[in-house]
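For reference, the chains in residue letters:
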Amino acid sequence: MANDTSTETTERKGPGLDFIRSMVAEDLRTGKWKGRVATRFPPEPNGYLHIGHAKSLCLNFGIAKEFNGVCHIRFDDTNPLTEKQEYVDSIKQDVRWMGFDWGEHEYYASDYFDQLYEWAIKLIKDGKAYVDDLSAEEVSEQRGTIKQAGVESPHRNRSVEENLDLFERMRAGEFDEGTRVLRAKIDMASPNMLLRDPVMYRIIKASHYRTGDKWCIYPTYDYTHGQSDSLERITYSICTLEFEVHRPLYNWYIQALGIFPSEQTEFARLNLTYTVMSKRKFIALVEEGHVNGWDDPRMPTISGIRRRGYTPEAIRDFCGRIGVARAASMNQYEQLEHCIREDLNKRAPRVMAVLDPLKVVIENYPEGQVEEMEAVNNPEDPSAGSRMVPFSKTIYIEREDFMEDPPKKFFRLSPGAEVRLRYAYWIKCTDVVKDAEGNVIELRCTYDPETRGGNNPPDGRKVKATLHWVSAEHALDAEVRLYDRLFTKEDPNALEEGEDWRDYLNPESLVVIPGKVERHLAHVKPLDRFQFERKGYFCVDPDSKPGKLVFNRTVTLRDTWANVQKRND
RNA sequence: UGGGGCGUCGCCAAGUGGUAAGGCAUCGGCCUUUGGCGCCGACAUGCGUAGGUUCGAAUCCUACCGCCCCAGCCA
């Protein structure tokens, strides 16, 4: 559809380019940054990446690639209380898995602590920063409110000498945590709260996962981020909308220091229906046992989505389709599902698996006979070849593929009806066996030997449905984990008075069932993906072992029959 | 003493004064050894509302309305 070559994409501003890429293209045209494009992905190593980060990854690494620039990865590690090497490692793994490469450009804000300290001294000397002795509570009270100016600290006009002395002693560890901070001297009456003498350094007597005990004062985000961008000569510092009000402060530090003028641009963060995206809620989900860890396939974390069976290609495709804009938005989960179905349709080998087995005995099929039927591995990909699937007198079909008293449009099996067994034979239901409670426990059928391979019989009979099946004696047992949306409400954050987001947890977000899968799956490896014909795409869970197979349902197939049923309810 | 943003189809989203792209979803139909895939078609006389400017407005002006963000020594 898009005939644009990549050259056109990078040289022309127009349809298809989001506002940030348009800006980059325009800057390239005018030579604003002398042809240089440098972006960065700046996670804080205090948690795992989620699909919202994927959007940022695609934007930052995408722009770098499309415009012949570079994208750095920089760990924004200014808070020793929450950050860990373990998170750095998992973040790097997730970024690589997503398919992005930062080359040599791996940076840490903590590597800039010495420089940041020197710059703080410069700001003190310039009369632009001061040590404040107020407590956190007092600072907070004096900041004023959104509609009311703050008041200046009594320590605001200390001499440069006193500030230098105090700041040096802060660094030397002479003061207790919380007793003093270094503040930028800007404007306590600014309508922008961020400009009311923001804190630059606080005392935290904790060792840092990278700098150890070298420091007991740590710079804040605002005092660190822009300067880090500047040190790395980042041209486009792209972040989410909530940082918009920080931009004047970002610029203030850069100007006050007279350093490379990186520029911040904000875009709307990703929101997805039927899930939550905040670290606080992730922690609650894990710690309260609503999910089984950060990589639970129901979690919107990269590790969870990966375990669910999503491919990086599908996630990137999704990020490309939803676009980049400044309007706060909520994207539908269905869009993500579309992307993984489209990807897996092309590459996932097909296989037959019966998730809710109903026994079928084919009465006129010879006892003890086994035939090997040829099955196509992927009709979308001829190079995937074929395999042999054993067929015998007793098989399992899907329980929902039989109805004793079917509605008009039901094409599947029912008493007297005939259907095709994929790659096998046509069968006709002759009898229904029930238990004492009247539950159907077995079907008796006959087959037509002239339909071998599932082919049409010479008499021209037609059949409207094809069912998947497995041979009872050859099938493998498997644990199948059926995953569904984590919440029952599109936006679990949009609550009425008195409600809790947990009220909308979907009790059926995970249903574990024993299934029967074809022999072909005996030797699968974790993360192998398959289409279980007519049921959906499934991924081998890391818990899976030979002899104890475990499959996760990534997504169901599109099911127009289900839509019809829903409409008729 | 408030400031900063944002409103185009159910959900995303192009469009930047010349007469509303595209995707998802939905609904028809064709095809089909997956009720999958694929293919064809339908889906905004209207762009938050009301005025105004103009030959012409989603695009410019004015006023309203609605939603989001900011009062961490988190990022």
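Details of the structure are given in the entry above.
All values derive from a computational prediction rather than experimental measurement. (Residues numbered from 1 in each chain as written. Chains lettered and ligands numbered in written order. Predicted model: local features only at pLDDT ≥ 70, side-chain atom pairs only at ≥ 80, totals over all residues. Heavy atoms only, no water.)

Draft legend 1. Representation of the layout of surface pockets. What the largest pocket holds in volume is close to 1500 Å³. What lines the largest pocket is a set of 38 residues, among which Arg553, Thr556, Leu557, Asp559 and Ala562 lie closest to the centre. Elements with a minimum of two residues in the lining of the largest pocket: α13 (333-347), β21 (476-483), β22 (510-517), β25 (549-556) and α14 (560-568). The element that contributes the greatest number of residues to the lining of the largest pocket is α14, accounting for six residues. (1 Å grid on protein atoms, 1.4 Å probe; cavity = no way out; pocket = protein on both sides within 12 Å on 5 of 7 lines; lining within 4 Å. Points joined across faces, edges and corners; volume = space filled by probe spheres on them. Helix = DSSP H or I, 4+ residues; strand = E, 2+ residues; numbered from the N terminus.)

Draft legend 2. Focus on helix α5 (residues 113-125). In this model α5 runs 18 Å from its N-terminal to its C-terminal C-alpha over 13 residues, within 8% of the 18 Å that 1.5 Å per residue would give. Looking at α5, one finds that the buried residues are Phe113, Leu116, Tyr117, Trp119, Ala120, Leu123 and Ile124. The buried residues of α5 occupy an angular sector of 165 degrees when projected down its axis, which confines them to one face. In α5, the exposed positions that point more than 90 degrees away from the buried face belong to Glu118 and Lys125. Immediately beyond the C-terminal end of α5, within one or two residues, lies Gly127, with a positive phi of roughly 75 degrees. (Expected span 1.5 Å × (residues − 1). Buried < 20%, exposed > 50% of the residue type's maximum accessible area, 1.4 Å probe, protein only. Arc of directions from axis to C-beta.)

Draft legend 3. Broad picture of the protein's contact with RNA strand B. Looking at RNA strand B, there are 74 residues lining it, with Lys147, Ala189, Arg350, Arg412 and Gly453 nearest. Among the atoms of RNA strand B lying within 4 Å of the protein, the sugar-phosphate backbone contributes 63%. Taking Arg326, its side chain carries an N or O atom lying 3.5 Å from a phosphate oxygen of RNA strand B. One nitrogen or oxygen atom from the side chain of Asn331 is found 3.1 Å from a sugar or linking oxygen belonging to RNA strand B. Secondary structure elements with two or more residues in the surface near RNA strand B: α6 (136-142), β6 (199-203), α12 (312-322), α13 and α14. (Near = heavy atom within 4 Å. Polar contact = N/O pair within 3.5 Å; in protein donor to acceptor, adjacent residues only side chain to side chain.)

Draft legend 4. Looking closely at the pattern of salt bridges. Overall, the coordinates contain 57 salt bridges when judged by the stated rule. Two residues, Arg183 and Asp132, come together in a salt bridge whose shortest N-O distance is 3.0 Å. Within this pair, whereas Arg183 is found in strand β5 (residues 181-184), its partner Asp132 is found in strand β4 (residues 129-132), the two being separated by 51 residues in sequence. For the residue pair Arg183 and Asp132, the accessibility class agrees, reading buried in each case. Here Arg321 makes a salt bridge to Asp317, at a shortest N to O gap of 3.0 Å. Residue Arg321 and its partner Asp317 are located together in helix α12, separated by four residues, close to a single helical turn. (Salt bridge = Lys/Arg side-chain N within 4 Å of Asp/Glu carboxyl O.)

Draft legend 5. Inspection of the pairing of strand β1 (residues 38-41) at higher detail. Neither face of β1 is open: one carries Ala38 and Arg40, the other Thr39 and Phe41, and all of them are buried. Note: β1 against strand β2 (residues 70-75), four bridges, orientation parallel. Paired with Thr39 across the bridge in β2 is Cys71. The handedness of the β1 to β2 crossover, carried by helix α3 (residues 51-66), is right-handed. (Pairing = 2+ DSSP bridges. Right-handed = clockwise from strand over helix to strand, strands pointing away.)

Draft legend 6. Spatial organisation of the side chain of Ser471. Inspection of the secondary structure puts Ser471 in strand β20 (residues 469-471). Engagement of the side chain of Ser471 in a polar contact is seen with the side chain of Ser392, the distance being 2.7 Å.

Draft legend 7. Looking closely at empty space enclosed by the protein. Evaluation of the coordinates by the stated rule reveals three cavities of 30 Å³ or more. Computed from the structure, the largest cavity encloses a volume of approximately 170 Å³. Forming the boundary of the largest cavity are 17 residues, of which Arg298, Met299, Pro300, Arg308 and Tyr333 lie nearest the centre. Classifying every residue of the lining of the largest cavity gives 11 nonpolar, two polar and four charged. (Nonpolar A, V, L, I, M, F, W, Y, C, P; charged D, E, K, R; others polar.)

Draft legend 8. Structural detail: the packing of aromatic side chains. Tallied over the full model, the rule gives 26 aromatic pairs. Ring centres 5.4 Å apart and planes at 85 degrees place the aromatic pair Tyr48 and Tyr87 in the edge-to-face group. With Tyr48 in the loop between β1 and α3 and Tyr87 in helix α4 (residues 85-97), this pair connects stretches of sequence that are 39 residues apart. Residues Tyr48 and Tyr87 agree in their burial class; the two are buried. Residues Trp252 and Tyr253 carry aromatic rings whose centres are separated by 5.5 Å and whose planes lie at 80 degrees to one another, so their mutual orientation is edge-to-face. Each member of the pair, Trp252 together with Tyr253, is buried. (Phe/Tyr/Trp six-rings, centres within 6.5 Å; stacked < 30°, edge-to-face > 60°.)

Draft legend 9. Examining the sheet that holds strand β12 (residues 357-362) more closely. One open sheet holds the seven strands; their spatial order is β19-β16-β17-β18-β12-β15-β20, and the pairing between them is mixed. Two strands in the sheet have a free side with no partner beyond their single neighbour: β19 (466-467) and β20. Both β12 and strand β18 (residues 440-448) contribute to a ladder of four bridges, which runs parallel. Following the sheet pairing, Val360 is matched in β18 by Leu443.

Draft legend 10. Expanded view of the environment of Asp356. Among the structural elements, Asp356 can be located in the loop between β11 (353-354) and β12. The partly exposed category is assigned to Asp356, whose relative accessible area is 40%. C-alpha separation for the pair Asp356 and Arg202, spaced 154 residues apart in sequence, amounts to 60 Å. Ignoring anything within four residues of it in the chain, the contact list for Asp356 reads Ile397, Glu398 and Arg399. (Contact = heavy atoms within 4.5 Å.)

Draft legend 11. Examining the packing of helix α2 (residues 19-30) against α3 more closely. Interaxial distance between α2 and α3 falls to 11 Å at its minimum, and their mutual angle equals 30 degrees. Here α3 runs roughly parallel to α2, going by the angle between their axes. Helix-helix and strand crossings are classified by hand; for α2 and α3 the assignment is right-handed. Note on element contacts: α3 touches α2 through Leu59, Gly62, Ile63 and Glu66, opposite Ile20, Arg21 and Val24. Taken together, the residues that form the contact of α2 with α3 break down as four nonpolar, one polar and two charged. (Axes fitted to C-alpha atoms, helices over the stretch in contact; angles between N-to-C directions. Parallel < 35°, antiparallel > 145°, perpendicular 65-115°, else oblique. Left-handed = near helix turned anticlockwise from the far one by under 90°.)

Taken by themselves, the reported measurements are silent on function.
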